[in-house]
Amino acid sequence: MALNDRFLKACRREDVDCTPVWFMRQAGRYMAEYRALRAKHTLLEICAQPELATEVTLQPVRALGVDAAILFADILLPLIPMGLDLEFAQGEGPVIHNPIGSRADVEALRRVEPHESLAHVLEAVRLVRRELDGQTPLIGFAGAPFTLASYMIEGGSSRNFIKTKRLMYSDTRTWHILMSKLGCVIADYLSAQVNAGAQAVQLFDSWVGALSPDDYREYVLPHSRFIIEQVQRTGVPLIHFGTDTAMLLPLLKEAGGDVIGLDWRVDLDRGWETIGVERAVQGNLDPVALFAPRAELERRVRRILDQAANRPGHIFNLGHGILPDTPVENVKAVVELVHEFSKR
Ligand code: CP3
């Protein structure tokens, strides 16, 4: 196989032979290979053992022919060395048994030295790079401070983020101390991933769409911007992703990122226009479109590519992660359709 650099070229808005495509959550339960490994190991075990994390990272690269690999890990891993008791409970998603709420809780959070307490993740980056042998680029990632803070405060997934916003509104000073601590941890962690070999990184602010533009600007933007500025010193492209962000796009752009992720609730061309064509964009097929009949799926892929109009700087992806039970053959078909329809 030849060197495939169309993903990295698109991040830099350079010309490509066809539009690159990869998928958020491209490794996971919809793949039989993943389920087979998960039958023997917990999610945290896979993340803690670099050989297993490497194997899972490579599964979709082999099965789908995507243009980038994304390291197999979870955005919540850095919370463990910070002092949180994290568990992925069967069927419930993440649970944090000692959620935080007070100034004292925030002050007790430990600063993380990624080379010590997240060394297993960095080792997985090195192993994956060795296995990929320069052929497919590797994306590292981390959660953004708002999304991570929401898990730390709510103790798990949330619908209305009541405890998170209550802290934000009632004890703004404590909120900013928490966000600054997360900012330092995440900036160090992403930089360490780059030093270990990650060729691009994605910052996941998955739940930031719960905020109004004013709240985003005041409570979140400076902290996300700090991380992005730190990581950009490494020189690798950064993808800044959130969902439900149609009204936040100008502020996400202001916070930074070479590539801005778009979810499916915004038309790609309108979203790109809002961001400005001097940035690259990533997206934005509805993950549920992968359950549609083939002709409908094809129509939707074509529509996104038509909106992108082969302008330099489009990376095809979903608007959010692949869901369990997604038919693998449809995911594979999207890779082929994107490459075929976008040939320059
Ligand atoms: O994209 C990839 O292939 C890399 C792996 C990856 C995982 N989590 C593995 C995982 C990535 C990029 C993540 C990011 C992540 N984790 C996010 C941000 C992206 C997003 O989807 O918004 C968030 C919010 C989390 C937190 C998290 N981890 C939740 C809410 C859950 C449970 C939800 C679910 O799907 O069950 C997880 C568990 C998790 N992380 C799984 C995987 C493959 C599924 C669990 C399993 O194998 O048991």
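Above this text you will find the structure in question.
Residues numbered from 1 in each chain as written. Predicted model: local features only at pLDDT ≥ 70, side-chain atom pairs only at ≥ 80, totals over all residues. Heavy atoms only, no water.

Asker: Lay out the sheet that holds strand β1 (residues 69-70) with the relevant residues and their values.
Answerer: An order of β1-β4-β5-β6-β7-β8-β9 is seen for the seven strands of this open sheet, with the pairing classed as parallel. Strand pairing shows two members of the sheet lacking a second neighbour, β1 and β9 (314-318), which therefore form its edges. With two bridges joining them, β1 and strand β4 (residues 138-143) adopt parallel strand pairing. Bridged to A69 within β4 is L138. (Pairing = 2+ DSSP bridges. Helix = DSSP H or I, 4+ residues; strand = E, 2+ residues; numbered from the N terminus.)

Asker: Quick rundown of helix α9 (residues 145-154)? Include the residues and the values.
Answerer: Counting buried positions along α9 gives ten out of ten residues, so the element sits mostly inside the fold. Inspection of α9 places P145, F146, T147, L148, A149, S150, Y151, M152, I153 and E154 among the buried residues, and these make up the whole buried set. (Buried < 20%, exposed > 50% of the residue type's maximum accessible area, 1.4 Å probe, protein only.)

Asker: Report on the pairing of strand β3 (residues 93-96), specifying residues and quantitative values.
Answerer: Where strand β2 (residues 86-89) and β3 come together, four bridges link them in antiparallel fashion. Of the residues in β3, the one forming a bridge with F88 is P94. In sequence, β2 turns back onto β3 through a hairpin of three residues, with G91 there showing a positive phi of about 75°.

Asker: Give a description of the packing of α9 against helix α11 (residues 172-196) that names residues and reports values.
Answerer: At their nearest, the axes of α9 and α11 sit 10 Å apart, and the two run at 120° to each other. By crossing handedness, the relation of α9 to α11 is classed as right-handed. Of the residues in α11, those touching α9 at P145, F146, L148, A149, M152 and I153 are W175, L178, M179, L182 and I186. In terms of residue class, the contact of α9 with α11 is built from eleven nonpolar, no polar and no charged. (Axes fitted to C-alpha atoms, helices over the stretch in contact; angles between N-to-C directions. Left-handed = near helix turned anticlockwise from the far one by under 90°. Contact = heavy atoms within 4.5 Å. Nonpolar A, V, L, I, M, F, W, Y, C, P; charged D, E, K, R; others polar.)

Asker: Got a sec to walk through a nonpolar patch on the surface? Specific residues and values, please.
Answerer: Judged by side-chain polarity, V288, F291 and L323 come together as a nonpolar surface patch covering roughly 240 Å² of accessible area. Locating V288 in the fold gives a position in the loop between β8 (280-285) and α15 (294-308). The class for V288 is partly exposed, based on a relative accessible area of 45%. (Patch = residues over 30% accessible without salt bridge, like charges linked within 9 Å, V, L, I, M, F, W, Y side chains within 5 Å. Areas by Shrake-Rupley, 256 points an atom, 1.4 Å probe, with all protein chains shown as cover. Salt bridge = Lys/Arg side-chain N within 4 Å of Asp/Glu carboxyl O.)

Asker: Outline the site of the ligand, listing residues and values.
Answerer: Taken together, the neighbourhood of the ligand is formed by 23 residues, with R25, R29, Y34, S206 and H320 sitting nearest. Separating an oxygen atom of the ligand from a backbone N or O atom of R25 is a distance of 2.6 Å. In the environment of the ligand, an oxygen atom lies 2.5 Å from a nitrogen or oxygen atom belonging to the side chain of S206. Expressed as a share of its isolated accessible area of 860 Å², the protein-covered part of the ligand is 89%. Structurally, the ligand is housed in the largest pocket. Sorting the residues of the shell around the ligand by element identifies α2 (32-38) and β3 as the ones contributing at least two each. A breakdown of the residues in the shell around the ligand according to their chemical character gives 15 nonpolar, four polar and four charged. (Near = heavy atom within 4 Å. Polar contact = N/O pair within 3.5 Å; in protein donor to acceptor, adjacent residues only side chain to side chain. 1 Å grid on protein atoms, 1.4 Å probe; cavity = no way out; pocket = protein on both sides within 12 Å on 5 of 7 lines; lining within 4 Å. Sits in = over half its atoms within 2 Å of the grid points.)

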